Amino acid sequence: MVAFAKMSGWKEMKASLEEALTNGTAARLAVGLDFYHTDPELLRSLFRLSKKHDVELYLSDSYSTFHPKIYAFKSGGGCKVVVGSANFTEGGLLQNYEASVLIDDKSGAMMEKITAHFDALIDNKEIVLATKARIDGYAKDHAINAAWARFARRRATRAVDSGEASLDVLAGFLKMMQEGGASSQFNVQMKVRRANLAAAPTQLRSIAAWKGKTARGFLTEYEHLIGSFHSGGLDRAKTRIADKREDFVDAVASIIDHADLSPRDAFAILHAAFAGIKGAGINILTEILHTLDNRRFAVMNQNAVAGLRLAGYDEFPLHPSKGSVSPDKYQIYCDHAATVSKALGLGDFTELDALFNYVYWHEERADDDSDEDEDED
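Figured I'd write up the structure that's included with this text. Because the structure is predicted, anything quoted here is derived from the model rather than measured. Every chain is numbered on its own, with residues counted from 1 as its sequence reads. Note on the predicted model: pLDDT of at least 70 is required for a residue's local features to be given, and 80 or more for side-chain atom pairs to be given and counted; whole-chain, interface and lining totals, by contrast, use all residues. Only heavy atoms go into the side-chain values, all of them from the structure, while hydrogens and water stay out.

Here we look at helix α13 (residues 302-310)
For α13, every residue scored as buried is listed here: Gln 302, Asn 303, Ala 304, Val 305, Gly 307 and Leu 308. Whether two residues are in contact is decided by their heavy atoms: any pair within 4.5 Å suffices. Only runs of H or I of at least four residues qualify as helices and only runs of E of at least two qualify as strands under DSSP, and these elements are numbered from the N terminus. Buried residues along α13 sit in contact with α6 (168-177), α14 (327-343) and α15 (349-361). What qualifies as a polar contact is a pair of N or O atoms within 3.5 Å, subject to a donor-acceptor requirement within protein and to the restriction that residues adjacent in sequence count only when both atoms come from side chains. Regarding α13, its N-cap is Asn 301, as a side-chain oxygen of that residue lies 3.2 Å from the backbone nitrogen of Asn 303 further along. Directly beyond the C-terminal end of α13, a positive phi value near 100° is found at Gly 312. Only protein chains enter the accessibility calculation, which uses a 1.4 Å probe; a residue whose area is less than 20% of its type maximum is buried, one above 50% is exposed, and one in between is partly exposed.

Quick word on unusual backbone geometry
Backbone phi values are negative for most residues with the exception of glycine, while trans is the configuration of most peptide bonds. Phi angles above zero are rare outside glycine, and Tyr 36 is one such case at about 60°. Among the structural elements, Tyr 36 can be located in the loop between β1 (27-31) and α2 (40-52). At Lys 125, a position not held by glycine, the phi torsion is positive, near 60°. Position of Lys 125 among the secondary structure elements: in the loop between α4 (109-123) and β6 (127-129).

Details of the pattern of salt bridges
Whenever Lys or Arg places a side-chain nitrogen within 4 Å of a carboxyl oxygen from Asp or Glu, that contact is recorded as a salt bridge. In the structure shown here, the tally under the stated rule is 17 salt bridges. Between Arg 48 and Glu 41 there is a salt bridge whose closest N-O contact spans 3.8 Å. By relative accessible area, Arg 48 is classed as partly exposed at 45%. Here Lys 132 ties to Asp 136 by a salt bridge, and the two come within 2.7 Å at their closest N and O atoms. A residue pair is termed a helical-turn pair when its members lie 3 or 4 positions apart in one helix, as Lys 132 and Asp 136 do in helix α5 (residues 132-162) at four residues. The exposure class of Lys 132 is exposed, given its relative accessible area of 55%.

With respect to the packing of helix α11 (residues 263-273) against α14
Two elements in contact, α11 and α14, have axes whose closest approach is 8 Å; the angle formed by their N-to-C orientations is 135°. Comparing the axis directions of α11 and α14 gives the class oblique. The chirality of how α11 crosses α14 is right-handed. In contact with Pro 263, Arg 264, Phe 267 and Ala 268 of α11, α14 contributes Pro 327, Asp 328, Tyr 330, Gln 331 and Cys 334. Put simply, Ala, Val, Leu, Ile, Met, Phe, Trp, Tyr, Cys and Pro go in the nonpolar bin, Asp, Glu, Lys and Arg in the charged bin, and everything else, Gly too, in the polar bin. Of the residues belonging to the contact of α11 with α14, the class tally is six nonpolar, one polar and two charged. Lines are fitted to the C-alpha atoms to define the axes, a helix being fitted only along its stretch in contact, and any angle between axes, read from their N-to-C directions, falls within 0 to 180 degrees. Note that the term roughly parallel is reserved for angles under 35 degrees, roughly antiparallel for angles over 145, roughly perpendicular for angles of 65 to 115, and oblique for everything else. Crossings are sorted by hand: turned counterclockwise from the far helix by less than a right angle, the near helix makes the crossing left-handed, and turned clockwise it makes it right-handed.

Some words on the environment of Cys 79
Within the fold, Cys 79 resides in strand β4 (residues 78-84). Leaving out residues up to four positions away in the same chain, Cys 79 has contacts with Phe 73, Lys 74, Ile 103, Asp 104, Asp 105, Lys 106, Gly 108 and Met 111.

Section: the sheet that holds strand β5 (residues 100-105)
The strands that make up a sheet are held in pairs by hydrogen bonds between backbone atoms, and each pair lies either parallel or antiparallel. One requirement defines pairing of two strands: DSSP has to find at least two bridges between them. With antiparallel pairing, the three strands of this open sheet are ordered in space as β3-β4-β5. The open sheet has two free edges, formed respectively by β3 (70-75) and β5, since each of these has just one partner strand. With strand direction ignored, the average angle separating the axes of adjacent strands in the sheet is 10°. Where β4 and β5 come together, six bridges link them in antiparallel fashion. Counterpart to Gly 84 in the pairing with β5 is Ser 100. Where α4 meets the sheet, it contacts β3, β4 and β5, and its direction lies at approximately 120° from that of β3.

Comments concerning the packing of helix α7 (residues 185-208) against α15
Running from N to C, α7 and α15 cross one another at 130°; their axes reach a closest spacing of 10 Å. The angle between α7 and α15 places the two elements in the oblique class. Crossing handedness for the pair α7 and α15: right-handed. Where α7 approaches α15, its residues Gln 185, Phe 186, Gln 189, Met 190, Arg 193, Arg 194 and Leu 197 are matched on the opposing element by Thr 350, Glu 351, Asp 353, Ala 354, Asn 357 and Tyr 358.

Details of the sheet that holds strand β2 (residues 55-60)
If you walk across this open sheet you meet the three strands as β1-β2-β6, and the pairing is mixed. Pairing within the sheet leaves two strands with one partner each, and these edge strands are β1 and β6. Averaged over all pairs of adjacent strands, the angle between strand axes in this sheet comes to 30°, irrespective of strand direction. Taken together, the five bridges between β1 and β2 define a ladder with parallel strand orientation. Looking at the pairing, Arg 28 lines up with Glu 56 of β2. α2 rests against β1 and β2 of the sheet, and its axis sits at about 145° to β2.

Structural data, given as structure tokens:
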């Protein structure tokens, strides 16, 4: 079972495998198709082999990424199992720095478990038996992906070599995000974010007016508040913030009626108020400001900073913290964000933050559409 396989790996293993199959070996192979890394020609070679020998070839067909690297062998002398990082490629088998464990499974207990796992993948249709039609369909998609990847690499190389900032990448992602009309990712995201933005001011005022004493009571209020925000890491800091709950309440109260301040001055107020509250970092600080006025105060977190870097603004720390972001730096950040937002035709910083989040998680998002960056001090 491997995440992907290439002809380079087949060239290394072909003779040995064909000899073993000729001598009566039976084989089951499962190959991942995620990210189009597997060579279609390699699949065709293995498929042809399955027509001549006792070989079953399975292809990944799962929503989750198929990512194992397991080579298991059973013979009269026992079992050998290799588990590690090496895919079925020349690099994985010979050239790369990889890390694998060779297990001498004399009793066959591990082999039995691996076989059962393989069977379960088949039963759950996470892997499916290869057919000519499946391979041909994958080959077509692989060719399209490869062509676009070459095109993207050329454009990326030119952009890097020129050193000139461009909004092409962000504009391209925005166009992709807006595909589908009313049901587009953009509209779906904005419906959720607009609803949260409408609820957040009431929750902020509830925090500012909180007169309770217990940490549990505060946490109820705090959890309602951060439930309206889209930065990650906020929940992980809640117990530390609860330890300084009176200070946090005072901090929110100090800014609640000052949405007319400049980004620099508003940030300075909260920054000073949060100085002694461990866990209350730039994420929560700028989410609060964004709630007060989403046209003037931009959310600042890892995802957003990474998004601005795509537009050429790289003077901000990728992991913003209270120690690395000053009021002046936040003012500049909001100015740059406003420039990008206007150039892309976006209406406010809520739309820009949704785009930054989409760009950051486009390839990796599987379970969650929220930001996953730490809320640092």
